[in-house]
Amino acid sequence: MTKVKICGLQEQRHVDAASRADAIGFVFAPSRRQVTIAQAAELAKHIPADTDKIGVFVNASLEEIEDAVAGVPLTMVQLHGDEPDELVKAIRVPVIQAFSIRTKEDVEQLKNSLANYILVDAPGTEYRGGSGNVFDWSLLDGAGIDPSRLIVAGGLTPENVRAAIEQTTPYMVDVSSGVETERQKDVAKIQKFIKQVKDDSMEQTIEKVGFFGKYGGQFVPETLMKAVKELEDAYNEVKEDPEFHKEYHHYLSEYVGREQPLTFAKRMTEAYGGPKIYLKREDLNHTGAHKVNNAIGQALLAMRMGKRKIVAETGAGQHGVATATICALFDLDCVIFMGEEDIKRQQLNVFRMKLLGARVESVTKGSATLKDAVNEALRYWVANVEDTHYLIGSALGPHPFPTMVRDFQSVIGVETRRQILEKEGRLPDAILACVGGGSNAIGMFYPFIQDKEVKLIGVEAAGQGVDTDKHAATLTKGTEGVLHGALMKLLQDDAGQVQEAHSISAGLDYPGIGPEHAYLADIGRVEYRSITDDEALAAVVSMSRLEGIIPALETAHAIAEAEKQAKSMTKDQILIICVSGRGDKDMATYAENLEGLS
Ligand SMILES: O=C(O)c1ccccc1NCC(=O)[C@H](O)[C@H](O)COP(=O)(O)O
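Residues numbered from 1 in each chain as written. Predicted model: local features only at pLDDT ≥ 70, side-chain atom pairs only at ≥ 80, totals over all residues. Heavy atoms only, no water.

Considering helix H17 (residues 401-409)
Basically, it comes down to this: Note on classification: 1.4 Å probe, protein chains only; a residue is buried when its accessible area is under 20% of the maximum for its type, exposed when over 50%, partly exposed between these limits. Numbering of helices and strands runs from the N terminus; a helix is a DSSP stretch of H or I covering at least four residues, while a strand is a stretch of E covering at least two.
With eight of nine residues buried, H17 is to be regarded as a mostly interior element. Turning to H17, its buried residues number three or more, namely Phe401, Pro402, Thr403, Met404, Val405, Arg406, Phe408 and Gln409.

What follows is the structure, given as structure tokens:
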């Protein structure tokens with residue numbers, strides 16, 4: 001597959017956006033994109049170990065180049081000036097030599113280069129490179145350049161890069177200007193460029209606004225349409241705003257306590273007898289679960305929109321607690337809808353929300369669980385839409401909610417990807433996460449979607465068994481239907497009436513599934529399995545005793561499936577489990593169901 005280099009990066013959020021690129025370029029030559037060695041070194045700390053860090057120079061001395069190679073450290077050097085062969089030979093890391101292409105003669109000349117790689121670019125305008133101009137690719141036709149040495153640059157964009165690859169079949173493509181808006185790097189364009197190169201019809205379908213394949217959309221009443229569109233516009237704006245990202249990451253680090261470790265589970269690894277097992281520790285977040293990653297992002301967005309009132313739903317209470325916490329932090333008015341059944345199961349969290357200043361509204365309609373809480377929260381939003389933001393807790397609801405929640409939760413997968421590369425020097429063989437609405441899972445999976453060698457497994461709640469009427473295994477047993485503003489897979493009867501879901505875990509007790517999961521299941525990129533209540537409870541005991549970590553009931557579903565998966569995996573393989581939350585909230589359920597535990 002053609003590799004991708006994103007050049008001229010100067011900010012952390014752009015490095016994060018390029019986390020799936022094969023190479024990052026730092027410009028040390030005079031340029032508006034110029035960075036110092038210290039700046040590049042700081043950014044390089046967050047670049048995965050297997051991503052090349054390439055320094056771009058124009059007629060620099062060997063000493064200057066060596067300082068940067070050691071200081072960042074750089075894994076390659078790109079020469080964009082008139083550097084002599086002696087310099088190329090003296091550099092101790094692989095060298096890329098850039099050539100401006102105007103004529104066939106220019107192409108002939110570059111063949112004499114002693115560099116490991118040859119970069120073909122349009123002639124510079126303002127500086128020696130990064131001009132944003134395209135050269136005539138047909139000049140390379142039949143030139144006999146070794147494709148394994150060829151890097152194509154010059155005016156590439158997400159729109160033309162596939163055509164460039166088809167025509168020139170290079171080893172790597174390189175872009176700078178084409179992923180910028182008004183001379184600044186643009187997160188969405190960086191991600192789109194990488195997707196276009198690395199794949200494929202799948203991701204292009206995902207990008208169809210508001211839909212994942214056929215799933216998703218905005219199936220909302222007329223009265224909500226204005227609010228949904230307003231939210232969509234506001235989110236599109238903040239996505240590109242460096243100040244917003246800075247603020248978001250500030251709270252993640254200073255308030256939530258990120259980044260969270262990727263812990264090697266030594267005793268689980270030994271006990272399960274298969275692959276090396278790592279745990280992504282979302283349980284260590286302030287408030288005890290992954291939910292807070294999304295709550296902070298959406299609360300900041302609500303304030304940008306001038307809304308200081310928040311409504312949310314909660315199932316297990318984790319999202320309710322996260323939302324109440326963030327509302328206390330930002331002094332926002334907060335009302336949380338929670339099913340009466342869940343209120344009984346999660347007394348401790350109900351009290352936490354109240355202590356934090358939120359109003360908890362009990363929902364008695366329907367099965368009095370998560371689905372009904374979402375219904376009521378949506379109703380409340382319709383009635384109060386002028387000054388209230390609906391802070392949805394999972395990757396559900398009308399567009400832009402599923403995309404927005406996924407993006408805020410992707411911090412899980414972005415960190416995990418970097419951490420496993422640092423620890424093991426390679427990507428894992430399998431990743432598991434529990435799935436209710438699907439927010440921890442999509443946040444974990446999304447940064448790995450293009451890594452086809454990584455098996456992604458979502459674990460649903462089989463309750464008392466998928467062949468009973470007491471389960472929440474939506475992807476195993478569901479059919480297409482609309483719920484809470486989106487087309488998804490649902491548990492429903494022949495008349496289209498939504499059926500009650502069941503799981504011992506309130507957070508998985510939902511009859512639908514986020515639309516992106518429905519799509520990923522259809523195309524086979526993610527495999528979905530299900531685990532019963534009893535299997536989950538057994539996994540709670542197993543993990544508590546093997547690792548000293550008491551998991552949430554939701555998380556326990558992923559752990560139980562990990563034990564099964566481990567049986568068919570080998571010792572040289574790596575498996576990662578997303579520990580979406582800790583078990584404190586479930587103590588009453590554990591005490592009741594694990595009575596007699598010796
Ligand atoms: O980017 C610069 O400002 C720059 C200045 C001096 C020498 C090289 C420079 N950039 C190199 C690159 O960014 C890429 O190798 C390539 O030229 C990108 O071209 P484009 O996509 O057309 O911006």
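Considering the site of the ligand
Counted only if it meets this: By convention in these notes, a residue is near a molecule or strand provided one of its non-hydrogen atoms lies within 4 Å of it. Nitrogen and oxygen atoms within 3.5 Å of one another constitute a polar contact, given that in protein one can donate a hydrogen and the other can accept it, and given that sequence-neighbouring residues count only through two side-chain atoms. Using a 1.4 Å probe, accessible areas were evaluated by the Shrake-Rupley method; residue-level cover was limited to the displayed protein chains.
Taken together, 24 residues lie around the ligand, and Ser31, Arg33, Asp121, Asp174 and Ser177 are the ones closest in. Contact distances for the ligand include 2.7 Å between an oxygen atom and a side-chain N or O atom of arginine 33. Between the ligand and aspartate 174 there is a distance of 2.5 Å, counted from an oxygen atom to a side-chain nitrogen or oxygen. Compared with its free state, where it exposes 510 Å², the ligand has 100% of that area covered by protein. Every element with two or more residues in the shell around the ligand is listed here: strand S1 (3-7), strand S6 (117-121) and strand S8 (172-175).

Here's the deal with the pairing of strand S4 (residues 76-79)
Applicable threshold: In this analysis, strands are considered paired if DSSP registers two or more bridges between them. Classification remark: right-handed applies to a crossover when, strands pointing away from the viewer, the course from the first strand over the helix to the second runs clockwise.
Residues Met76 and Gln78 of S4 are buried on one face, and the alternating residues Val77 and Leu79, pointing to the opposite face, are buried as well. In this structure, strand S3 (residues 52-57) lies alongside S4, joined through four bridges in parallel fashion. Residue pairing across strands places phenylalanine 57 opposite leucine 79, the latter belonging to S4. On the question of chirality, the crossover connecting S3 to the parallel S4 by way of helix H3 (residues 62-71) is right-handed. Where S4 and strand S5 (residues 95-100) come together, three bridges link them in parallel fashion. Across the sheet, the residue bridging to leucine 79 is glutamine 97, located in S5. One crossover worth recording links S4 to the parallel S5 by way of helix H4 (residues 85-90), and it is right-handed.

Observations regarding the sheet that holds strand S17 (residues 359-363)
By way of backbone hydrogen bonds, the strands of a sheet pair with one another, either parallel or antiparallel. Rules: In this description, a line fitted to the C-alpha atoms serves as the axis of each element, helices being fitted only across the stretch in contact, and the angle between N-to-C directions of two axes falls anywhere from 0 to 180 degrees.
Strand order in the open sheet made by the four strands is S17-S16-S15-S18, with parallel pairing throughout. Whereas interior strands pair on both sides, the edge strands pair on one side only; in this sheet they are S17 and strand S18 (388-390). Neighbouring strand axes in the sheet, compared pairwise and without regard to direction, differ in orientation by 25 degrees on average. As defined by bridge partners, strand S16 (residues 333-339) adjoins S17 across five bridges and the pair is classed as parallel.

A word on the UniProt feature "modified residue: N6-(pyridoxal phosphate)lysine" (unreviewed entry) in the protein
Basically, it comes down to this: UniProt positions are given in the numbering used here, feature names are shortened, and annotations may be inferred rather than shown by experiment. Any two residues whose heavy atoms approach within 4.5 Å are treated as being in contact.
UniProt's entry tags Lys291 with the feature "modified residue: N6-(pyridoxal phosphate)lysine" (unreviewed entry), counted in the numbering of this structure. Looking at the element boundaries, lysine 291 is found in helix H12 (residues 291-304). Taking relative accessible area as the criterion, lysine 291 reaches 16% and is therefore assigned buried. Apart from the residues lying within four places of it in its own chain, the contact partners of lysine 291 are Gln318, His319, Ala322, Gly393, Ser394, Gln409 and Ser439.

Topic: the sheet that holds S3
Reading around the barrel, the eight strands line up as S1-S2-S3-S4-S5-S6-S7-S8 and close back on themselves, with parallel pairing between neighbours. Neighbour-to-neighbour, the strand axes of the sheet open up by a mean angle of 25 degrees, direction not taken into account. Pairing analysis gives three bridges linking S1 to strand S2 (residues 23-27), with the strands arranged parallel. The residue bridging isoleucine 6 from the neighbouring strand is isoleucine 24, located in S2.

Some details on the confidence of the model for the protein
Using the following cut-off: Note: pLDDT gives the predictor's confidence per residue, expressed from 0 to 100.
For the protein, per-residue confidence averages 93 on the pLDDT scale, and residues scoring 70 or more make up 98% of the total. Across residues 201-207, confidence stays below pLDDT 50; counting only partners more than four residues off in sequence or on other chains, it has 22 contacts. In the model output, the complex is listed with pTM 0.70 alongside ipTM 0.90.

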